[in-house]
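Structural overview
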Amino acid sequence: MAYTTARSDQPWKAKAARTFRHAADRELRADPAGDTLPVKRWALVNPWDAPKDGKQRITGGGWRVLRK
């Protein structure tokens, strides 16, 4: 059972991978040794911005609906 309203992460993941590839390409052109390459995709994009990260809007209930 999924706790999300998004149908798929695929478009977001594709955009994140594209962002990573472009940044890596820019760094390789600037520094051919590759000393400043980003190591992980999460260095450039925030995984909490993905559509299926579990965010959902809770209306009503106040503090009673919050969990630790």
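I will try to describe carefully the structure that is included in this document.

Procedures and definitions
- Residue positions are given per chain, counting from 1 as you read along its sequence in written order.
- With pLDDT at 70 or above as the cut-off, local features in this predicted model cover only qualifying residues; side-chain atom pairs require 80 or more to be listed or tallied, and sums for whole chains, interfaces and linings still use all residues.
- Values reported for side chains reflect all heavy atoms of the structure, with hydrogen atoms and water molecules removed beforehand.
- Strands here mean DSSP runs of E at least two residues long; helices mean DSSP runs of H or I at least four residues long; both are numbered from the N terminus.
- Between buried and exposed lies partly exposed: a residue is buried under 20% and exposed over 50% of the maximum accessible area for its type, with that area taken using a 1.4 Å probe on protein chains only.
- Note on charges: Lys and Arg go in the positive column, Asp and Glu in the negative column, and His and the chain ends are not counted at all.
- Here, a salt bridge means any Lys or Arg side-chain nitrogen found within 4 Å of an Asp or Glu carboxyl oxygen.
- Any two residues whose heavy atoms approach within 4.5 Å are treated as being in contact.
- Helix span, expected: 1.5 Å multiplied by one less than the number of residues in the helix.
- Think of it as the arc spanned by the lines of direction from the helix axis to the C-beta atoms.

1. With respect to the side chain of aspartate 9
Looking at where aspartate 9 falls in the secondary structure, it is placed in the segment before α1 (10–30). The charged side chain of aspartate 9 is buried without a salt bridge, its nearest counter-charge being lysine 13 at 4.9 Å. Excluding residues within four positions of it along the chain, aspartate 9 makes contact with Ala50, Pro51 and Lys52.

2. Quick word on the pattern of salt bridges
Tallied over the entire structure, the rule returns one salt bridge. A salt bridge links arginine 29 to aspartate 25; the shortest N-O distance between them is 3.1 Å. Taken together, the positions of arginine 29 and aspartate 25, both in helix α1 and four residues apart, correspond to about one turn of that helix. The exposure class of aspartate 25 is partly exposed, given its relative accessible area of 34%.

3. A short note on α1
A rise of 1.5 Å per residue sets the reference length of α1, with its 21 residues, at 30 Å; its end C-alpha atoms lie 30 Å apart and thus fit the reference within 8%. Restricting attention to buried positions, one finds in α1 the residues Trp12, Ala16, Ala23 and Ala24. Relative to the axis of α1, the buried residues are bounded by an arc of 105 degrees and lie together on one face. Of the residues in α1, the exposed ones pointing more than 90 degrees away from the buried face are Gln10, Pro11, Lys15, Arg21 and Arg29.

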